[in-house]
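Each chain, letter by letter, is given below.
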Amino acid sequence: MIRTVESQPPASAPVLAAYSYCEAVTGQQARNFAYGIRLLPTPKRRAMSALYAFSRRVDDIGDGTLADDVKVARLEDTRALLTRIRDGAVDEDDTDPVAVALAHAAEHFPIPLGGLDELIDGVQMDVRGETYETWDDLKVYCRCVAGAIGRLSLGVFGTGPGARGAERASEYADTLGLALQLTNILRDVREDAEGGRTYLPADDLAKFGCAAGFSGPTPPEGSDFAGLVHFEVRRARALFAEGYRLLPMLDRRSGACVAAMAGIYRRLLDRIERDPEAVLRGRVSLPGREKAYVAVRGLSGLDTRQLSRRTVRRRV
């Protein structure tokens, strides 16, 4: 069982400033994520912002315009910084606010920092331009860039006292990360193609006549693009169903945070399913009012209660 402590001693001014910087980064660059973590108590919200800011730094290196050898060097520099954080070698007056905030968070929560090494490994796969023949191949990548984030987040959330099945919480957090990442891949299929990246498994693309790729606002001629999207949507829904088993294991506000973030992506999946070609015309997104509704629904605990009832019925 993973437990965390809600109350902490007051943080110093440098640490508070570092957390403020991370929260600003999160608010500006991660709208969906920010909607979820605002439901958390302050210590957990700050820790999640530190995790996001570090992860964003890694992602930005991979997505940037630098030469590949420079990206590799910067990723290794970031890995060296992570080692310093893990070793407790980052002081409060360090000039890197993300390092200061993450070091403080790791002191107060059982965050498995090795997950950030996995994230770096996944971004290095992007830099190498790896493609994926099968879903099993793609899962390796998704576990690095998203499943690891789920496990890192669980270190902040913790599991509730006496939570049934908590020994599998890390597995469910990982699976929920895969569900979110597959939704991202579907949403960004055109944008990724324009950047020279293909994530969907080659055998799936071939099965639905989409091996030519996605270079424009319409599907490849003669393809069953809608069939491909619906196939991947079903896969993502199965991952969501498995990952949602995590919710009853969390305290109310952590469960609300996860329900809000996952709920936003499930609604994106609904939109993609209704109009598959929309992902070729531009980025599919939810309006702010709908995100707010999902956040309120998460805070109400409705999703968690529904899941708990389904789990009980399965046991009976």
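Keep in mind that this is a model prediction, so the values were computed, not measured. (Residues numbered from 1 in each chain as written. Predicted model: local features only at pLDDT ≥ 70, side-chain atom pairs only at ≥ 80, totals over all residues. Heavy atoms only, no water.)

Enquirer: Give a description of a negative patch on the surface that names residues and reports values.
Expert: On the surface, Asp91, Glu92, Asp93 and Glu107 cluster together to form a negatively charged patch. Take Glu92: its relative accessible area is 43%, and that puts it in the partly exposed class. (Patch = residues over 30% accessible without salt bridge, like charges linked within 9 Å, V, L, I, M, F, W, Y side chains within 5 Å. Areas by Shrake-Rupley, 256 points an atom, 1.4 Å probe, with all protein chains shown as cover. Salt bridge = Lys/Arg side-chain N within 4 Å of Asp/Glu carboxyl O. Lys, Arg positive; Asp, Glu negative; His and termini not counted. Charge placed at Lys NZ, Arg CZ, Asp CG, Glu CD. Buried < 20%, exposed > 50% of the residue type's maximum accessible area, 1.4 Å probe, protein only.)

Enquirer: So what's going on with the pattern of salt bridges? Residues and values would help.
Expert: Taken as a whole and assessed by the stated rule, the structure comprises 29 salt bridges. In this structure, the salt-bridge partner of Glu242 is Arg168, at a minimum N-O distance of 3.9 Å. Pair noted here: Glu242 is in helix α11 (residues 225-243) and Arg168 is in the loop between α7 (135-157) and α8 (169-187), with a separation of 74 residues, a long-range link. Residue Arg168 is classed as partly exposed on the basis of its relative accessible area of 33%. Residues Asp275 and Arg281 are paired through a salt bridge, measuring 2.5 Å at the closest nitrogen-oxygen approach. A relative accessible area of 30% means that Asp275 is categorised as partly exposed. Judged by its relative accessible area of 51%, Arg281 is exposed. Among the ionic contacts, a cluster of salt bridges with common partners joins Glu76, Arg79, Arg86, Asp117 and Asp121. (Helix = DSSP H or I, 4+ residues; strand = E, 2+ residues; numbered from the N terminus.)

Enquirer: Requested: an account of the nonpolar core, with residues and values cited.
Expert: Ranked by size, the top nonpolar core spans 97 residues in total, and within it Phe54, Ile85 and Leu116 carry the most contacts. For this core, the element with the highest residue contribution is α7, accounting for 11 residues. Apart from residues lying up to four places away in sequence, Leu116 is in contact with Leu51, Phe54, Ser55, Leu82, Leu102 and Leu152. (Core = buried A, V, L, I, M, F, W, Y, C linked by side-chain atoms within 4.5 Å. Contact = heavy atoms within 4.5 Å.)

Enquirer: Can you tell me about the environment of Arg190, naming the residues and giving the values?
Expert: Examined against the element boundaries, Arg190 turns out to sit in helix α9 (residues 189-194). Given the relative accessible area of 18%, Arg190 is considered buried. Expressed as a C-alpha distance, the spacing of Arg190 and Ser215, which sit 25 residues apart in the sequence, is 6.9 Å. With residues up to four places along the chain from it excluded, the contact list for Arg190 reads Phe214, Ser215, Gly216, Pro217, Val279, Leu280 and Arg281. Of note is the side chain of Arg190, whose polar atom sits 2.5 Å from the backbone oxygen of Leu280. (Polar contact = N/O pair within 3.5 Å; in protein donor to acceptor, adjacent residues only side chain to side chain.)

Enquirer: Break down the packing of aromatic side chains for me, with residues and values.
Expert: Applying the stated criterion across every chain, the model contains 5 aromatic pairs. Here Tyr141 and Tyr199 contribute two aromatic rings whose centre-to-centre distance is 5.2 Å and whose plane-to-plane angle is 25°, an arrangement assigned as stacked. Of the two residues, Tyr141 sits in helix α7 while Tyr199 sits in the loop between α9 and α10 (202-207), which places them 58 residues apart along the sequence. With relative accessibility at 4%, the residue Tyr141 sits in the buried group. (Phe/Tyr/Trp six-rings, centres within 6.5 Å; stacked < 30°, edge-to-face > 60°.)

Enquirer: Give me the packing of helix α4 (residues 68-86) against helix α6 (residues 114-127): which residues, what numbers.
Expert: Taken N-terminus to C-terminus, the directions of α4 and α6 make an angle of 180°; their axes are 10 Å apart at the nearest point. Classified by the angle their axes make, α4 and α6 are roughly antiparallel. For the pair formed by α4 and α6, the contact residues are Asp68, Lys71, Val72, Leu75, Glu76, Thr78, Arg79, Leu82 and Arg86 on the first element and Gly114, Leu116, Asp117, Ile120, Asp121, Val123, Gln124 and Val127 on the second. Taken together, the residues of the contact of α4 with α6 sort by class into 7 nonpolar, 3 polar and 7 charged. (Axes fitted to C-alpha atoms, helices over the stretch in contact; angles between N-to-C directions. Parallel < 35°, antiparallel > 145°, perpendicular 65-115°, else oblique. Nonpolar A, V, L, I, M, F, W, Y, C, P; charged D, E, K, R; others polar.)

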